[in-house]
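Here's the letter readout for the chains.
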Amino acid sequence: MRQRSRRRIMRATVELVDQRGYAGTTLGDIAERAGLARGLLSYYFDGKRLLMQSATHRMMHKALSSALGKLAPGASPEARLARAIDAVLGLAVEHPRVMRSHLALILDPDTGAFVQDPEQRRLGAILQDLLREWGAPDPVAEHAVLRSALMGGCIGVLLPGAELPLAPIRADLFRRYGLDWRLGVPPQPLPPEHERPTARD
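Everything numeric in this text was worked out from a predicted model, so none of it was measured. (Residues numbered from 1 in each chain as written. Predicted model: local features only at pLDDT ≥ 70, side-chain atom pairs only at ≥ 80, totals over all residues. Heavy atoms only, no water.)

A. Local environment of the pattern of salt bridges. This structure, assessed with the given rule, holds eight salt bridges. The salt bridge partner of Arg 20 is Asp 29, with a shortest N-O separation of 3.2 Å. Of the charged contacts, one joins Arg 80 and Glu 133 as a salt bridge, the two residues approaching to 3.1 Å between their closest N and O atoms. Highlighted residues: Arg 80 in helix H5 (residues 77-94) and Glu 133 in helix H7 (residues 118-134), separated in sequence by 53 residues. We classify Glu 133 as partly exposed; its relative accessible area is 41%. (Salt bridge = Lys/Arg side-chain N within 4 Å of Asp/Glu carboxyl O. Helix = DSSP H or I, 4+ residues; strand = E, 2+ residues; numbered from the N terminus. Buried < 20%, exposed > 50% of the residue type's maximum accessible area, 1.4 Å probe, protein only.)

Written out as structure tokens, the structure is:
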């Protein structure tokens, strides 16, 4: 019952923030959408900010698990890592309000903090296993690097007024890990070198 209630709360949070944004979503709204008493939110989560982090980490964990589950059995470590990178970066396009709110909260020096909640630990464990299979000598340290790179990539896609297209961000990450651009779920029809802007007079 407890796990089901937590999942309902986190699912409702993502749905509402997708529609209204973080500021436009109240704990009362979330409780109503989840079909639970308002007091239960405080029992399960210590405030709206931490709930938002957990809900986003759950969304990322589900997206990652789903993407990996679609691969054929025996897929190469490179294919699995490529699919994971695409799954996380794709959330910036599919759920921009959720991802933008999540990043803004953890980067705010006054209220932000990166919390390793159970959802984040599940997500981290999958990524560390993928990096171990890929051949990282220190999967824990490499996971920290990959996590930062993925966050930076999402910020690049979501930065208001200075958004970058997804393709070059993806290409940069794929080059770092020696992944062929055709692996994963390519967001562009051509190799990265054909996507680069050309100099003009």
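B. Quick peek at the packing of H5 against helix H8 (residues 139-158). Contact geometry of H5 with H8 gives a least axis separation of 9 Å together with a crossing angle of 35°. In terms of crossing hand, the pair formed by H5 and H8 is right-handed. The residues of H8 that touch H5, namely those facing Leu 81, Ile 85, Val 88, Leu 89, Ala 92 and Val 93, are Leu 146, Leu 150, Gly 153, Cys 154, Val 157 and Leu 158. A breakdown of the residues in the contact of H5 with H8 according to their chemical character gives 11 nonpolar, one polar and no charged. (Axes fitted to C-alpha atoms, helices over the stretch in contact; angles between N-to-C directions. Left-handed = near helix turned anticlockwise from the far one by under 90°. Contact = heavy atoms within 4.5 Å. Nonpolar A, V, L, I, M, F, W, Y, C, P; charged D, E, K, R; others polar.)

C. Summary view of the layout of surface pockets. Estimated volume of the largest pocket: approximately 340 Å³. Around the largest pocket sit 18 residues that line it, and Asp 86, Ala 87, Gly 90, Glu 94 and Val 185 are the ones nearest its centre. Elements with a contribution of two residues or more to the lining of the largest pocket: helix H4 (48-69), H5 and helix H9 (166-176). When residues in the lining of the largest pocket are grouped by element, the largest group, seven residues, is from H5. Class assignment for the residues of the lining of the largest pocket results in 10 nonpolar, three polar and five charged. (1 Å grid on protein atoms, 1.4 Å probe; cavity = no way out; pocket = protein on both sides within 12 Å on 5 of 7 lines; lining within 4 Å. Points joined across faces, edges and corners; volume = space filled by probe spheres on them.)

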